[in-house]
Each structure stands twice: as structure tokens, then as C-alpha cells.
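Survey of secondary and tertiary structure
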Amino acid sequence: MTATSPAKTRSGPHLVLLTVYAIFVLAAGARSLVQVFTRFDEAPIAYSLSVVAAATYVAGWFAIRRAANGSAGFAKIMLWVELAGVFVVGVLSLVVPSWFPDASVWSKFGSGYGFVPALLPILGLLWLWQRPTLGPTEGDR
Amino acid sequence: MAASSSAKTQPAARRRATSPGSGEVEVIGEDWHVDALTPIGFIVAGYAAFVTIAAVVGVVLKAPRPKWLDQLAWMLEILAVVLAIGALAGWSAGRKPESLSTFLGYVGALVCLMPLALQTMRTDRSTWSSGVIAAAALATGVVAVRVMMVR
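Structure report, in brief. (Residues numbered from 1 in each chain as written. Chains lettered and ligands numbered in written order. Predicted model: local features only at pLDDT ≥ 70, side-chain atom pairs only at ≥ 80, totals over all residues. Heavy atoms only, no water.)

**Observations regarding the overall build of chain B**
- A count of helices and strands for chain B gives five helices and two strands.
- For chain B, the sequential pattern of α-helices and β-strands runs α-β-β-α-α-α-α.
- For chain B, with 151 residues in total, the buried portion stands at 41%.
- Looking at chain B alone, contacts between residues at least 24 apart form 70% of all its contacts between residues at least 6 apart.
- In the structure as shown, chain B presents an accessible area of about 8000 Å², 69% of it carried by carbon and sulfur atoms. (Helix = DSSP H or I, 4+ residues; strand = E, 2+ residues; numbered from the N terminus. Buried < 20%, exposed > 50% of the residue type's maximum accessible area, 1.4 Å probe, protein only. Contact = heavy atoms within 4.5 Å. Areas by Shrake-Rupley, 256 points an atom, 1.4 Å probe, with all protein chains shown as cover.)

Structure, rendered in C-alpha cells:
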């Protein structure tokens, strides 16, 4: 991460995004680990998707961190992937509920987390869309 | 405490009391377990909401993060630690959470969230650092409620 950081990360709304992503890395990661290691047989698809969600949040955290330092390409890809994941899993959980005997992180568009999983990539994309560009030597606020 | 613990281990159980004289059994509570820790849980959740609102106001006003917001956050942390100790004491006294790993995970998150947020924003007193405190306080409140639900 430091190799991609030309200077100290500037302050901005991405700090809140990074915080929420970190919380979701913790929440989704812990949840998926518990589900996989204690009762994977009960809902293998749902629990596997929880692992995917946790991995996506880890990647999303790094992507936003990189974007805050001026390299937005990875973040654009990751946020769209995350949004597609929430949408696809949300639709599947409603259309094929038998695949989800227990909820995953993105089930029903993240209703178990107050729909924050659905809002998060949208907010991230909005931030990417209107974030200020970094100057070549400027790093501080 | 022993009676209340047994009630908690049976999710469908209700707390009952016998009316003197009549011998009738009266339902006095539903699944939500009422004990000394419950008001602390409500206090933590309510105070977390207050800290969240205060921090969001700071962001809306575009003001640098004030010192008092840090103090509010640390007070929330103290309350969270009290709640965590109470929850762990209940567990050590025999209360059986449905999933021990989930319970311990929530307790750990309850205690660690706010110090981590404050540490990462230690040198940054910009407007958006208040947003970080808001997110951490909101998460602490949610986790406090979850601790009360899964303990």
C-alpha cells in the first residue's frame, strides 16, 4: 500500500468510506469465518457468498485508499463489482430463496445490515465521480 | 440470576410470577430479558446515537473536529467497556449465548471499534475526521444492541 501512496492521504469524505469499509471487513469477515467453520453444510452457497462479500470489502478498502492517493482505476472496477454482487445476490435471495436457508451479507440487498451494503458502493462511486484530483506533489489537505 | 439465566437459554421462555393467593401464573415479560445489564445497553445505544448526531453536526457545519467530540467518544468507550464487562460477567456466571463465537466477536468489536477510530484520526482534526467518529459511534451503538441480543 505504501508503494502506491505518493504522499500522505489527504482528508476528505473517503475517510468515512474507509471507516465503513473497515467495519464491514470486520463484520463480514468475522461472520463468514464463523459460518464457514461452524455450519458450512447448512447453507454452502450463502456462506460462500459471505466469504466473497468479505473479500470484496477488503479489496474495496484498498481500492478507495489507492483512489484517495490518485489511482482510481482499481476503485472504479471494485466498486462496480461490489455493486453488481449486491444486486445479483440480492435478486437471487429473493428469486431462489432455497439457495439461502440462512442469510448471507448481501442477501436481500443487505437488509440484515440496514441496506448499507447496497448504499456503500453507490456512495463510493459518487465520491469517485466528484473527488478532487491530486496534484503531483501535493499530499496534504 | 440462576433463574434468569435458565430463562435466557430457552428462547421461547417467558418470565412468570405467581400472584399471591390466587395461584395464577401471570406473564410479566416476553423474550427480551430484563436484568441489570439491559438499562446499560440502552444507555450505550442511546449515548452512541447522541455522539453520532454530534459528530454529523460537526461535518455538516464543516468545522474542524473539536476536542469535546473526542471526549464524548472516549466516554462512549468507557460505557462500552462497562457493557462488555457486564456481558462477560453474565457469561461467566452461567448464561449461555446461542453462539459463543458470535457473542465474543461482538464483545471484542464493542470494545475495540472506537479506540481504533480515534487512533487512526489522532493527527487529523479535519472536518471529515468527525465523520469517522460518527461512523464508529454508530457502529458501536449497533454492536451494543447486538451484544444485548446474542448474550
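Continuing now.
**Considering the side chain of Gln35 of chain A**
All names here are of chain A.
- Looking at the secondary structure, you find Gln35 in helix 1 (residues 14–39).
- At 3.4 Å, the side chain of Gln35 forms a polar contact with the backbone oxygen of Ala103.
- With sequence-adjacent residues up to four places away left out, Gln35 is seen in contact with Phe40, Tyr47, Ser50, Asp102 and Ala103. (Polar contact = N/O pair within 3.5 Å; in protein donor to acceptor, adjacent residues only side chain to side chain.)

**A few points about the packing of helix 2 (residues 37–60) of chain B against helix 5 (residues 127–150) of chain B**
All names here are of chain B.
- Across the interface, helix 2 lies against helix 5 with an axial gap of 8 Å and an inter-helix angle of 160°. Considering the angle they form, helix 2 stands roughly antiparallel to helix 5. You can see that helix 2 and helix 5 cross each other, and the crossing is left-handed. Facing helix 2, whose interface residues are Leu37, Thr38, Gly41, Val44, Ala45, Ala48, Val51, Thr52, Ala55, Val56, Gly58 and Val59, helix 5 presents Thr127, Trp128, Ser130, Gly131, Ile133, Ala134, Ala137, Leu138, Gly141, Ala144, Val145 and Met148.
- Class assignment of the residues belonging to the contact of helix 2 with helix 5 gives a composition of 16 nonpolar, eight polar and no charged. (Axes fitted to C-alpha atoms, helices over the stretch in contact; angles between N-to-C directions. Parallel < 35°, antiparallel > 145°, perpendicular 65-115°, else oblique. Left-handed = near helix turned anticlockwise from the far one by under 90°. Nonpolar A, V, L, I, M, F, W, Y, C, P; charged D, E, K, R; others polar.)

**Some words on the nonpolar core**
- Judged by nonpolar contacts, the single largest core of 37 residues is most densely connected at Val51, Leu69, Leu76, Leu83, Leu110, Met114 and Ile133 of chain B.
- Those elements giving two or more residues to this core turn out to be helix 1 of chain A together with helix 2, helix 3 (67–92), helix 4 (100–120) and helix 5 of chain B.
- Per-element accounting of this core gives the leading share, 11 residues, to helix 5 of chain B.
- With residues near it in sequence (within four places) discarded, Leu76 of chain B still touches Val44, Tyr47, Ala48, Val51, Met114, Ala137 and Thr140 of chain B.
- Judged by nonpolar contacts, the second largest core, of 33 residues, contains Ala59, Ala68, Trp127 and Leu128 of chain A. (Core = buried A, V, L, I, M, F, W, Y, C linked by side-chain atoms within 4.5 Å.)

**Quick word on the interface of chain A and chain B**
- Contacts between the two partners involve 11 residues from chain A and, on the opposite side, 12 residues from chain B.
- For the pair chain A and chain B, the summed buried area comes to about 970 Å², and 74% of that belongs to carbon and sulfur atoms.
- When the area that chain A buries against chain B is broken down by residue, the three leading residues are Leu15, Val16 and Ile23 of chain A, summing to 37%.
- There are zero salt bridges connecting chain A and chain B. (Buried area = accessible area lost by both parts, 1.4 Å probe. Salt bridge = Lys/Arg side-chain N within 4 Å of Asp/Glu carboxyl O.)

**Some thoughts on the packing of helix 3 of chain B against helix 5 of chain B**
All names here are of chain B.
- With their axes 11 Å apart at the nearest point, helix 3 and helix 5 run at an angle of 15° to one another. Between helix 3 and helix 5, the angle is such that the two are roughly parallel. Note on packing geometry: the crossing formed by helix 3 with helix 5 is left-handed. Together, Leu69, Ala73, Leu76, Ala80, Leu83 and Ala87 of helix 3 and Ser130, Ile133, Ala137, Thr140, Ala144, Val147 and Met148 of helix 5 make up the contact between the two elements.
- Here the residues of the contact of helix 3 with helix 5 sort into 11 nonpolar, two polar and no charged.

**Regarding the packing of aromatic side chains**
Residues and elements named next belong to chain A.
- Enumeration according to the criterion identifies eight aromatic pairs over all chains in this entry.
- When the ring of Trp61 is compared with that of Phe62, the centres are 5.2 Å apart and the planes differ by 85°; the resulting orientation is edge-to-face.
- Relative accessible area serves as the criterion here: at 37%, Phe62 is assigned to the partly exposed category.
- In textbook terms, an aromatic cluster arises when at least three aromatic residues are bridged by ring pairs, as seen for Tyr21, Phe24, Tyr57, Trp106 and Tyr113. (Phe/Tyr/Trp six-rings, centres within 6.5 Å; stacked < 30°, edge-to-face > 60°.)

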